[in-house]
Amino acid sequence: MASRDERIREVGFFKNAISRPELGSVFGLIIIIITFMILTSLSGTFSAMWVRPIGIQAWVELAAFVGILAIGASLLMIAGEFDLSMGANVALAGHSFALLLLFGVPIELAILLTFIELAFLGFIIGTIVVRTGLPSFIVTLAFWFASRGLAVFLSQTFMNQSRLSVKSIIKPPPGGGEDPTLIDNIFAFDSAFGLPFDAEVYYFIILIIFIAYLLHRTQYGNWIYASGGDPVAARATGVPVANVKISLFMISTSLACLLGILTVMTSGASDPKAGDFRELHAIAAAVIGGCALTGGYGSVVGAAFGAFIFAIASRGINFVPFIDNNLFRVMLGLLILGSALLNQYLRDRVLKG
Amino acid sequence: MEPSIKFNKVSKFFGNIIALKHISFTVYKGEITALLGDNGSGKSTLIKLLSGVYSPDEGEILLDGKPVKFKSPRDAVSSGIGTVYQDLALQPLMSVTRNFFLGREISKGLSLDFQTMDNITKTEMAKLGIDVADPSQPIGTMSGGQRQTLAISRAIYFGAKVLILDEPTSALGQKQQLEVLKTISKVKKLGNIAIIFITHNDMHAKLLGDRFAFLNRGKVLASGSKKEIDMSNLRTLMAGGDELAKLENELKA
């Protein structure tokens, strides 16, 4: 017995180091930063991307946008589910919010109603997935069409246009920064404090800390992992798997709602193409960050690193003129494949006794 | 010896199929009752009656002398029936502690109280002879026998007075089977738990059983204590009485 224990401890130490789901993405982030630092140095654009505020803004704000969606994507993937409709829901939220403002609804109430609408949408999606047993890939694919379709249909019907401008109502930054209201302070901070980044960057940081705590340190987090790892075993031990999954779909649609509202607040308009393809970028970030599509494994911190990897590669390519832009997609594809392989290898190491 | 669970002429039907007919046997505290029978003998139905999945159509089940009717598996668990199924209901990628407390976590405020949960897990596992060096390890790193012990230990900690073990050794290698048998005998030594040990293995049944019940085609073929049962006849009883003799004759002919 004693000798057996020693062996477990030895293996355990090694496993502890490599069993963190985000490990692969930490290496990935370091490699991508070094790569682009070298490439921009060669192109003479190093300071444009890494020093000047406008260059930093470009990739940090993209990382925040994709990262907020990736939080929802990774939570769902850990619970063994999937949401393809996130990007479309950003547009639905933005259009709903803008339409309510144009109808004369006070801004506070419009925000509240939009959040209720999107949370209810998440409840519907989650309930369909849980009750019918259809794969969430299929169910959310339906909403990938339906949400954006509904957004454009509503704005065409009521306003006779597909892009909705609300500049006359909310005075977005930088023009509206002189006399910020409470709502400006919450949803468009750069207008209030003259901070270098858009509001989503701060939401991203706060959300990552909060959700990481929720996932690793609370009962709810334990239930999320169990629901994805082995739903039958989870139910047998008293975990309300169906409710956990429905609540996660509601979180996913609410995060899309937050981005929809932030985009309208900072740009003064709602675009029907808002969030287009961002669901795939968010899922890529979650996969790079170590989430397993089979469920039960992953981390939101890894997904955050994944979002930064995506954003640096995506924006960085513009600073490197000697590499073709289209080559970026090839790189990104290889990056996703490589990460998935690495993560699968690491996960197998954890499972083998 | 105090009787813990008593089956009194229990029957269960599914439509016109008689799954169990007039089953009577008694399980005592601090004893291991080996429940033996071939596939299709009604063992699974019996377990499901005990664990609250089904309720009997005839007869009654007495728990500590009082007749009980379980409305649901949850109801059975809160009455003190702990069932350890073959698949163990464990999460391979989650830690020992997280598995031990899954669904019944201890929190301090909003946060999980890992210090308390780790200590309880270590203490409870040590009672059954497993020294958990690091309870934050994923159980993927544990042996099959240790996982079995974890599932048993969890059931006992959360109040099982009757422990049902559904073929706990069938999916394991020889060495790990012995580990589990040791664990079961340690549970017996705790003294206050009645163990129902379901198995295919007559060696294991002989080794651990204080009392035996043989099921065949929905009926109790024989039941009794070690002294009352002809141990040399064990294998024949398990294979379904004189059916084996018949086969022997057929093969000879």
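Above: the structure in question.
Described below are features of the structure shown in this document. (Residues numbered from 1 in each chain as written. Chains lettered and ligands numbered in written order. Predicted model: local features only at pLDDT ≥ 70, side-chain atom pairs only at ≥ 80, totals over all residues. Heavy atoms only, no water.)

**Description of the overall build of chain B**
Reasoning step 1: Along the backbone of chain B there are 9 helices and 12 strands.
Reasoning step 2: Relative to its length of 253 residues, chain B is compact, with a C-alpha radius of gyration of 19 Å against a globular reference of 18 Å.
Reasoning step 3: In terms of overall dimensions, chain B has C-alpha extents of about 70 × 40 × 35 Å along its principal axes.
Reasoning step 4: A total of 253 residues make up chain B; the buried ones form 53% of that total.
Reasoning step 5: Within chain B, residue pairs in contact and separated by at least 24 positions form 66% of the contacts whose partners lie at least 6 positions apart.
Reasoning step 6: If you sum the accessible surface of chain B, you get close to 11700 Å²; carbon and sulfur atoms cover 51% of it.
Reasoning step 7: When the 33 basic and 26 acidic side-chain charges of chain B are each reduced to a single mean position, those positions are 2 Å apart. (Helix = DSSP H or I, 4+ residues; strand = E, 2+ residues; numbered from the N terminus. Rg over C-alpha atoms; globule rule 2.2 N^0.38 Å. Buried < 20%, exposed > 50% of the residue type's maximum accessible area, 1.4 Å probe, protein only. Contact = heavy atoms within 4.5 Å. Areas by Shrake-Rupley, 256 points an atom, 1.4 Å probe, with all protein chains shown as cover. Lys, Arg positive; Asp, Glu negative; His and termini not counted. Charge placed at Lys NZ, Arg CZ, Asp CG, Glu CD.)

**Observations regarding the interface of chain B and chain A**
Reasoning step 1: In this complex, chain B contributes 28 residues to the contact, which on the side of chain A involves 33 residues.
Reasoning step 2: Buried area between chain B and chain A, both sides added, is near 2500 Å², and the carbon and sulfur share of it is 53%.
Reasoning step 3: At the junction of chain B with chain A, the criterion picks out 9 residue pairs in polar contact (both at pLDDT 80 or more).
Reasoning step 4: Where the side of chain B that touches chain A is concerned, the elements lending two or more residues are β8 (111–112) and α5 (144–157) of chain B.
Reasoning step 5: Its residues assigned to classes, the side of chain B that touches chain A shows 12 nonpolar, 9 polar and 7 charged. (Buried area = accessible area lost by both parts, 1.4 Å probe. Polar contact = N/O pair within 3.5 Å; in protein donor to acceptor, adjacent residues only side chain to side chain. Nonpolar A, V, L, I, M, F, W, Y, C, P; charged D, E, K, R; others polar.)

**Thoughts on the sheet that holds strand β2 (residues 17–28) of chain B**
All names here are of chain B.
Reasoning step 1: Spatial strand order, β2-β1-β4-β5: 4 strands in an open sheet with antiparallel pairing. In this open sheet, the two strands that pair with only one neighbour each are β2 and β5 (66–68). On average, each strand axis in the sheet is tilted by 30° relative to the strand beside it, whichever way the strands run.
Reasoning step 2: Seen against the sheet, helix α1 (residues 43–50) touches β1 (3–14), β2 and β4 (58–63) and runs at an angle of roughly 120° to β1. (Pairing = 2+ DSSP bridges. Axes fitted to C-alpha atoms, helices over the stretch in contact; angles between N-to-C directions.)

**Considerations on the sheet that holds strand β6 (residues 81–84) of chain B**
All names here are of chain B.
Reasoning step 1: Strand order in the open sheet formed by 6 strands is β6-β9-β10-β3-β11-β12, and the pairing between neighbours is mixed. Here the strands that pair on one side only, and so sit at the sheet edges, are β6 and β12 (219–225). Across the sheet, the mean angle separating the axes of adjacent strands is 15° when strand polarity is ignored.
Reasoning step 2: Against the sheet, α5 contacts β6 and β9 (162–166), and its axis sits at roughly 170° relative to β6.

**Remarks on unusual backbone geometry**
All names here are of chain B.
Reasoning step 1: If you check the backbone angles, H22 has positive phi at about 45° while not being a glycine.
Reasoning step 2: Position of H22 among the secondary structure elements: in strand β2.
Reasoning step 3: For H22, a relative accessible area of 42% puts it in the partly exposed group.
Reasoning step 4: You will see that R217, though not glycine, has its phi angle at about 50°, which is positive.
Reasoning step 5: A relative accessible area of 67% places R217 in the exposed class.

**Re the side chain of E124 of chain B**
Residues and elements named next belong to chain B.
Reasoning step 1: Within the secondary structure layout, E124 lies in helix α4 (residues 114–127).
Reasoning step 2: What makes E124 buried here is its relative accessible area of 11%.
Reasoning step 3: Reaching out from E124, the side chain makes a polar contact with the side chain of K127 at a distance of 3.0 Å.
Reasoning step 4: Residues in contact with E124, not counting those within four places in the same chain, are F100, S153 and Y157.

**A short note on a nonpolar patch on the surface**
All names here are of chain A.
Reasoning step 1: Side chains of V26, F27, I30, I31, I34, I38, L42 and F322 sit close together on the surface and give an oily, nonpolar patch of about 790 Å² of accessible area.
Reasoning step 2: Relative to the helices and strands, V26 is located in helix α2 (residues 23–43).
Reasoning step 3: Among the residues examined, V26 registers a relative accessible area of 32% and is labelled partly exposed. (Patch = residues over 30% accessible without salt bridge, like charges linked within 9 Å, V, L, I, M, F, W, Y side chains within 5 Å. Salt bridge = Lys/Arg side-chain N within 4 Å of Asp/Glu carboxyl O.)

**Quick word on the environment of T45 of chain B**
Residue and element names in this part refer to chain B.
Reasoning step 1: Here T45 is to be found in helix α1.
Reasoning step 2: We classify T45 as buried; its relative accessible area is 12%.
Reasoning step 3: For T45 and K21, which are 24 residues apart along the polypeptide, the C-alpha to C-alpha distance reads 11 Å.
Reasoning step 4: Residues within four places of T45 in sequence aside, it is in contact with K12, F14, A19, L20 and Y54.

**Remarks on the packing of aromatic side chains**
Reasoning step 1: Evaluation of the coordinates by the stated rule reveals 16 aromatic pairs over all chains.
Reasoning step 2: For the pair W144 of chain A and F145 of chain A, a centre-to-centre distance of 4.8 Å together with 85° between the ring planes defines the contact as edge-to-face.
Reasoning step 3: Judged by relative accessible area, which is 55%, F145 of chain A ranks as exposed.
Reasoning step 4: With 6.4 Å between their ring centres and 15° between their planes, F212 of chain B and F214 of chain B make a pair best called stacked.
Reasoning step 5: Accessibility expressed as a relative area gives 1% for F212 of chain B, which makes it buried.
Reasoning step 6: On the accessibility criterion, F214 of chain B (1% relative accessible area) is buried.
Reasoning step 7: A network of ring pairs unites the aromatic residues W50, W59, F204 and F308 of chain A as a single cluster.
Reasoning step 8: Directly above the aromatic system of F158 of chain B lies the positively charged group of R104 of chain B, at a separation of 4.0 Å from the ring centroid. (Phe/Tyr/Trp six-rings, centres within 6.5 Å; stacked < 30°, edge-to-face > 60°. Lys NZ or Arg CZ within 6 Å of the ring centre and 35° of its normal.)

**Some details on the nonpolar core**
Reasoning step 1: With 107 residues, the main nonpolar core has F36, F97 and F187 of chain A as its most contacted residues.
Reasoning step 2: Once residues within four sequence positions are removed from consideration, F97 of chain A is found in contact with I107, A110, I111, T114, I261, V264 and M265 of chain A.
Reasoning step 3: Counting residues in hydrophobic clusters, the runner-up holds 34 residues, among them I32, V96, L150 and I152 of chain B. (Core = buried A, V, L, I, M, F, W, Y, C linked by side-chain atoms within 4.5 Å.)

**Description of the pairing of strand β3 (residues 32–37) of chain B**
Residues and elements named next belong to chain B.
Reasoning step 1: Across the 6 residues of β3, 6 count as buried, placing the element largely inside the fold.
Reasoning step 2: Of the two faces of β3, both are covered, the one formed by I32, A34 and L36 as well as the one formed by T33, L35 and G37.
Reasoning step 3: By the bridge criterion, 5 bridges tie β3 to strand β10 (residues 194–199) in an arrangement that is parallel. Along β10, the bridge assignment pairs L36 with T199.
Reasoning step 4: Taken together, the 5 bridges between β3 and strand β11 (residues 211–216) define a ladder with parallel strand orientation. Bridging from a neighbouring strand, A34 pairs with F212 of β11.

**Let's talk about the pairing of β11 of chain B**
Reasoning step 1: Counting buried positions along β11 of chain B yields 6 of 6 residues, so the element is predominantly enclosed.
Reasoning step 2: A loop of 2 residues connects β11 of chain B with β12 of chain B, the two strands running antiparallel in sequence, and R217 of chain B in this loop sits at a positive phi of about 50°.

**Quick look at helix α15 (residues 278–288) of chain A**
Residue and element names in this part refer to chain A.
Reasoning step 1: Judged by how many residues are buried, α15 sits mostly within the fold: 9 of 11 residues are covered.
Reasoning step 2: The set of residues buried in α15 consists of R278, E279, A282, I283, A284, A285, A286, V287 and I288.
Reasoning step 3: Following α15 by one or two positions, G290 has its phi on the positive side, about 105°.

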